[in-house]
Amino acid sequence: MRISARADYAVRAALQLAAARDEGPLKAEAIADAQEIPHKFLEGILNDMRRGGLVVSQRGVNGGYRLARPADSVSIADVIRVVEGPLVSVRGVRPPDLSYTGPAESLLPLWVALRANVRQVLEGVSLADVASGELPRGVSVLTEDPAAWANP
């Protein structure tokens, strides 16, 4: 599985907004500078997040962006889906819409299981969890295995 730059930037921007929830709207430039994201690229991402209902924008001198709902009610999966679409797809197709034959037939339940695990992790972690540095125990346990940090 690969997390695109677009998804990574979207999550980082959402986390910056979550951390600044009491400060009022943040300008795109401030988010871009704080997270070292190319400003023009971020503008497109913020527009997708606005259209997806994750952020709201405010015009004017005191304008900018803020989360549309509390950070504890926005999962990492929500952010990724808004900017990328489905969390797991195979050649752009969702696993339940695939079919295989012969020795490849058992690939379908494998892809479905992969999707279920990705969902479990990404839907189970909110922006508030990451912004606070307190990941859910189930996620923390996965990172305690030294093999999780190795690149085979």
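Here, every reference points to the structure presented above.
Small disclaimer: the values here were computed from a predicted structure and weren't measured.

Caption draft 1: Spotlight on the packing of aromatic side chains. By the definition in use, this model includes 1 aromatic pair. Here tyrosine 9 and phenylalanine 41 contribute two aromatic rings whose centre-to-centre distance is 5.4 Å and whose plane-to-plane angle is 80 degrees, an arrangement assigned as edge-to-face. With a gap of 32 residues between them, tyrosine 9 in helix H1 (residues 5–19) and phenylalanine 41 in helix H3 (residues 39–51) connect regions that are remote in the sequence.

Caption draft 2: Local environment of the side chain of arginine 115. With respect to the helices, strands and loops of the structure, arginine 115 is situated in helix H5 (residues 107–123). For the buried residue arginine 115, which engages in no salt bridge, the nearest side chain bearing the opposite charge is aspartate 97, 7.5 Å off. Contacts of arginine 115, omitting those with residues within four sequence positions, involve Val88, Pro95 and Pro96.

Caption draft 3: Summary view of unusual backbone geometry. If you check the backbone angles, glutamate 36 has positive phi at about 55 degrees while not being a glycine. Non-glycine residue arginine 91 carries a positive phi angle of around 55 degrees. Of note, arginine 91 is situated in the loop between helix H4 (76–84) and H5. The class for arginine 91 is exposed, based on a relative accessible area of 68%.

Caption draft 4: A look at the pairing of strand E1 (residues 55–58). Bridge count between E1 and strand E2 (residues 64–67): 4 bridges; the pairing is antiparallel. Looking at the pairing, valine 55 lines up with leucine 67 of E2. Once E1 ends, the chain turns through 5 residues before running back antiparallel as E2, passing glycine 60 with a positive phi of about 105 degrees.

Caption draft 5: Geometry of the nonpolar core. Membership of the largest hydrophobic core comes to 37 residues, with the highest contact counts inside it found for Met49, Val79 and Leu127. Secondary structure elements with two or more residues in this core: H1, helix H2 (28–35), H3, E2, H4 and H5. Ranked by residue count, the leading element in this core is H1, at 9 residues. Apart from residues no more than four positions distant in its own chain, methionine 49 is found in contact with Ala10, Ala14, Leu54, Val55, Val79, Val82 and Val83.

Caption draft 6: The arrangement of H2 in detail. Among the residues making up H2, those that are buried are Ala28, Ile31 and Ala32. The arc that holds the buried residues of H2, viewed along the axis, is 100 degrees, so those residues lie on one side. Contact partners of the buried residues in H2: H1, H3 and E2. Following H2 by one or two positions, glutamate 36 has its phi on the positive side, about 55 degrees.

Caption draft 7: Region of the structure containing the packing of H1 against H3. Contact pair H1 / H3: the axes reach a minimum separation of 10 Å and the direction vectors enclose 75 degrees. In terms of their interaxial angle, H1 and H3 are classed as roughly perpendicular. Across from Ala5, Arg6, Tyr9, Ala10, Ala13 and Ala14 in H1, the residues of H3 making contact are Phe41, Leu42, Gly44, Ile45, Asp48 and Met49. Of the residues that constitute the contact of H1 with H3, the class distribution is 9 nonpolar, 1 polar and 2 charged.

Cut-offs applied
Residues numbered from 1 in each chain as written. Predicted model: local features only at pLDDT ≥ 70, side-chain atom pairs only at ≥ 80, totals over all residues. Heavy atoms only, no water. Phe/Tyr/Trp six-rings, centres within 6.5 Å; stacked < 30°, edge-to-face > 60°. Helix = DSSP H or I, 4+ residues; strand = E, 2+ residues; numbered from the N terminus. Buried < 20%, exposed > 50% of the residue type's maximum accessible area, 1.4 Å probe, protein only. Lys, Arg positive; Asp, Glu negative; His and termini not counted. Salt bridge = Lys/Arg side-chain N within 4 Å of Asp/Glu carboxyl O. Contact = heavy atoms within 4.5 Å. Pairing = 2+ DSSP bridges. Core = buried A, V, L, I, M, F, W, Y, C linked by side-chain atoms within 4.5 Å. Arc of directions from axis to C-beta. Axes fitted to C-alpha atoms, helices over the stretch in contact; angles between N-to-C directions. Parallel < 35°, antiparallel > 145°, perpendicular 65-115°, else oblique. Nonpolar A, V, L, I, M, F, W, Y, C, P; charged D, E, K, R; others polar.

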